[in-house]
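Each chain is listed here by its residues.
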Amino acid sequence: MSDPQRLQHLAILAGPPKLSHDELLAAQKETLDRPRRPYGRAASLLFNALDTVYGRERTLGKFKVLELVARVPYQSWEQVAYVAITHIHEKTGMARRIYERVAESRAQQDNEQWHLLIIQEMIDNARLEDGRIKFFWIPQMLAWGYYQLSWFLFVLRPDWSYLLNADFEDHAEHEYMELVAEHPEWEHTPFISEFADDYGHFDSRADLFRQIGHDERVHKIESLNRLKRPRFP
Ligand SMILES: [Fe+2]
Ligand SMILES: [Fe+2]
């Protein structure tokens, strides 16, 4: 691994950087000023399906579904990498480098997991409607299908899986930043959470969601950076 790759690897393991209030404001503006990626067919299909089932309105329930689905590409990459280690374990140098990919996928999954748990906690605290079929069973099916697709694309051609994930993360980044813009009252809503010590402390709910939006941007960049790297170094 070259020095720049080593730095990139360490940055992924550390997770997306936590930004100050001013940096979060600047990040939100940058996202809203930038057009969305031209999404591929699979990503567009998924976003249309989400709009059809959950409506176009940005609700916490819909973001919870997004987060449930967001974790699975990282799980599929982790699984493929572990299988690869099973096959090539005799070449210990290569096995070690593949393991570094496993560790990266795990760190990205963990970050998504905090997003999911924080939103679920908010839904619970606000006693928002969280119907079983719409917010449990359909998301489970979506996550299962998306896992298979990410896995299949990764096995076929890893770049296709990375591009699909980049589309997904770009969509999430824009959706979170738009969500904050739609809720000016959140600038004065405190962020109190059982998960604050794990994920981070923020001055307001608006900053929390800006940070999550920025995390999604970092995930997108990490996926796009992988396009330039060999499948397994
Ligand atoms: Fe997320
Ligand atoms: Fe993400």
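Rules and cut-offs
- Counting restarts for each chain: residues are numbered from 1 in the order of the written sequence.
- As they are written, the chains are lettered A onward and the ligands numbered 1 onward, keeping that order.
- In view of the model being predicted, local features appear only for residues whose pLDDT reaches at least 70, and side-chain atom pairs are presented and counted only at 80 or more, with totals across whole chains, interfaces and linings using the full set of residues.
- A run of H or I in DSSP becomes a helix once it reaches four residues, and a run of E becomes a strand once it reaches two; helices and strands are each numbered from the N terminus.
- Two things to know: the radius of gyration comes from C-alpha atoms, and the globule rule equals 2.2 Å times the number of residues to the power 0.38.
- We define a nonpolar core as a collection of buried residues of the types Ala, Val, Leu, Ile, Met, Phe, Trp, Tyr and Cys that are connected via C-beta atoms lying within 7 Å of each other.
- Exposure is read from a count of other C-beta atoms within 10 Å of each residue's own; the residue is exposed at 12 or fewer, buried at 20 or more and partly exposed in between. C-beta atoms are placed from the backbone.
- Residue pairs are scored as contacts if the distance between their C-beta atoms, which are placed from the backbone, is within 7 Å.
- Angles shown run from 0 to 180 degrees and are taken between the N-to-C directions of axes, each axis being a line fitted to C-alpha atoms and, for helices, limited to the stretch in contact.
- Every angle not falling under 35 degrees, over 145, or within 65 to 115 is termed oblique; those three ranges are roughly parallel, roughly antiparallel and roughly perpendicular.
- For any pair of crossing helices, the crossing counts as left-handed if the nearer helix is rotated counterclockwise from the farther one by less than a right angle, and right-handed if it is rotated clockwise.

(A) Quick look at the overall build of the protein. When helices and strands are counted, the protein shows 10 helices and zero strands. Going from the N terminus to the C terminus, the protein shows its helices and strands as α-α-α-α-α-α-α-α-α-α. At 18 Å, the protein has a C-alpha radius of gyration in line with the 17 Å of a compact globule built from 233 residues. Seen through its C-alpha atoms, the protein measures out along the principal axes to roughly 55 × 40 × 35 Å.

(B) Representation of the nonpolar core in the model. Core analysis: the biggest nonpolar cluster contains 38 residues, and V65, L66, V69, Y176, V180 and F209 have the highest contact counts within it. Only α3 (41-54), α4 (60-70), α5 (72-88), α6 (92-125), α7 (132-156), α8 (158-182) and α10 (205-226) provide two or more residues apiece to this core. Sort the elements by how many residues they give to this core and α8 lands first, with 10 residues. Contacts of F209, omitting those with residues within four sequence positions, involve Y176, L179 and V180.

(C) Structural detail: the packing of α8 against α10. Two elements in contact, α8 and α10, have axes separated by 8 Å at closest approach and are oriented at 160°. As summarised for this structure, α8 and α10 are arranged roughly antiparallel, according to the angle between their axes. Seen along the crossing, α8 lies across α10 with a hand that is left-handed. Contacts between α8 and α10 involve Y162, N165, A166, E169, D170, A172, E173, Y176, M177, L179 and V180 from the first element and A206, F209, R210, I212, G213, E216, R217, H219, K220, S223, L224 and R226 from the second.

(D) Examining α4 more closely. Burial of α4 is extensive: 10 of the 11 residues sit out of reach of the surface. Elements that come into contact with the buried residues of α4 comprise α3, α5, α6, α7 and α8.

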